[in-house]
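Structural characterization, general
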Amino acid sequence: MNLEKRDIIIKEIQYWRKSRLLPEQYCDFLTNLYDDEDANKDNNPISLRNLQQGSIKIWLFSFGIISLIFLISLYFSVFPWPLQLATALSVLIICYGYSAVYEDRNNVISLILAGLGSVLTLGFGLWLIDLHDLDPQLWRPILIGCCGLLWCILGFLLRIGLLQYCGFAFWALLYAGFFGGRSPEASIFELEFLWLPLCVLMVWLSWLLHHKVRGVASVYFAVGVSLWIMPELDALLLRQDYPQWISLMLILKIAAGLALLFGFRKKWITWVAT
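Presented here is an overview of the structure given in this document. Treat the numbers as computed from the prediction; the structure is a model and nothing was measured. (Residues numbered from 1 in each chain as written. Predicted model: local features only at pLDDT ≥ 70, side-chain atom pairs only at ≥ 80, totals over all residues. Heavy atoms only, no water.)

Moving on, we get to the environment of Val101. With respect to the element layout, Val101 can be found in helix H5 (residues 81-101). Along the primary structure Val101 and Leu158 are separated by 57 residues, whereas in three dimensions their C-alpha atoms are 9.7 Å apart. (Helix = DSSP H or I, 4+ residues; strand = E, 2+ residues; numbered from the N terminus.)

Here the focus is the packing of H5 against helix H6 (residues 107-131). Two elements in contact, H5 and H6, have axes whose closest approach is 7 Å; the angle formed by their N-to-C orientations is 165°. Between H5 and H6, the crossing angle belongs to the class labelled roughly antiparallel. For the crossing formed where H5 meets H6, the hand is left-handed. Contacts between H5 and H6 pair Gln84, Ala88, Val91, Leu92, Cys95, Tyr96, Tyr98 and Ser99 from the former with Ser110, Leu113, Ala114, Leu116, Gly117, Ser118, Leu120, Thr121, Phe124, Leu128 and Leu131 from the latter. A class-by-class count of the residues in the contact of H5 with H6 yields 13 nonpolar, 6 polar and no charged. (Axes fitted to C-alpha atoms, helices over the stretch in contact; angles between N-to-C directions. Parallel < 35°, antiparallel > 145°, perpendicular 65-115°, else oblique. Left-handed = near helix turned anticlockwise from the far one by under 90°. Contact = heavy atoms within 4.5 Å. Nonpolar A, V, L, I, M, F, W, Y, C, P; charged D, E, K, R; others polar.)

Attention now moves to helix H11 (residues 230-238). Since the α-helix advances by 3.6 residues per turn, residues separated by three or four positions end up pointing in the same direction. All of the buried residues in H11 are Met230, Pro231, Glu232, Asp234 and Ala235. Each element contacted by the buried residues of H11 is listed here: helix H8 (161-182), helix H9 (188-209), helix H10 (217-227) and helix H12 (245-263). (Buried < 20%, exposed > 50% of the residue type's maximum accessible area, 1.4 Å probe, protein only.)

If you want it as structure tokens, here you go:
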């Protein structure tokens, strides 16, 4: 019997003798005592406390995982391309799979694994494009589109709003790059027509789905609010030879957007918080 259990039993006996509880009351006391003990347990398997009390199997498993990561990093470039692709997919499946497993058990670990999987998705993709001398003008947009689609789906399934938002952001980047190549000399009015309908569409979808689909209203609304200033950001960051008054227009649109959010706060907060 370890010291912690012995101290708990002594505590139970002393409390029972002093208080002279009835059997029913004593059972309630034991229930509350063990509930408090379970609440104080650290459910994080990588905490210092659990590592201190862990068995040799945990340390060997950790050593194996770290060694595997270093081996993949050092020898990934010499693998044949089917093995490179299989290795990348295996790592991503492990990260996202365990993120789904820990979704209800430990939300912090779930978010860390999902973030790690997302970074590795983009990193492995860029690494493979560079290793095999693929045309970046073709394969980088394909990678951006695939990452955006994957993150939108996984963000919805795992209920991670930030991941879903990043997926929409990558799709917006792909959208901007496509029309930037098709019409590099577009005027600011054409850019407004290019982005503002999408802004209205996302806000409308946020209102439409807030009672029907859980967890998407806030993401769609955030995407819609971001698209409100995308015409000016598109002109300033992705295009050239635009006048300086675009910066002033961006500030005015931010002020107008904040005014709209403040004026309709009782409406949009209701469906975003649902």
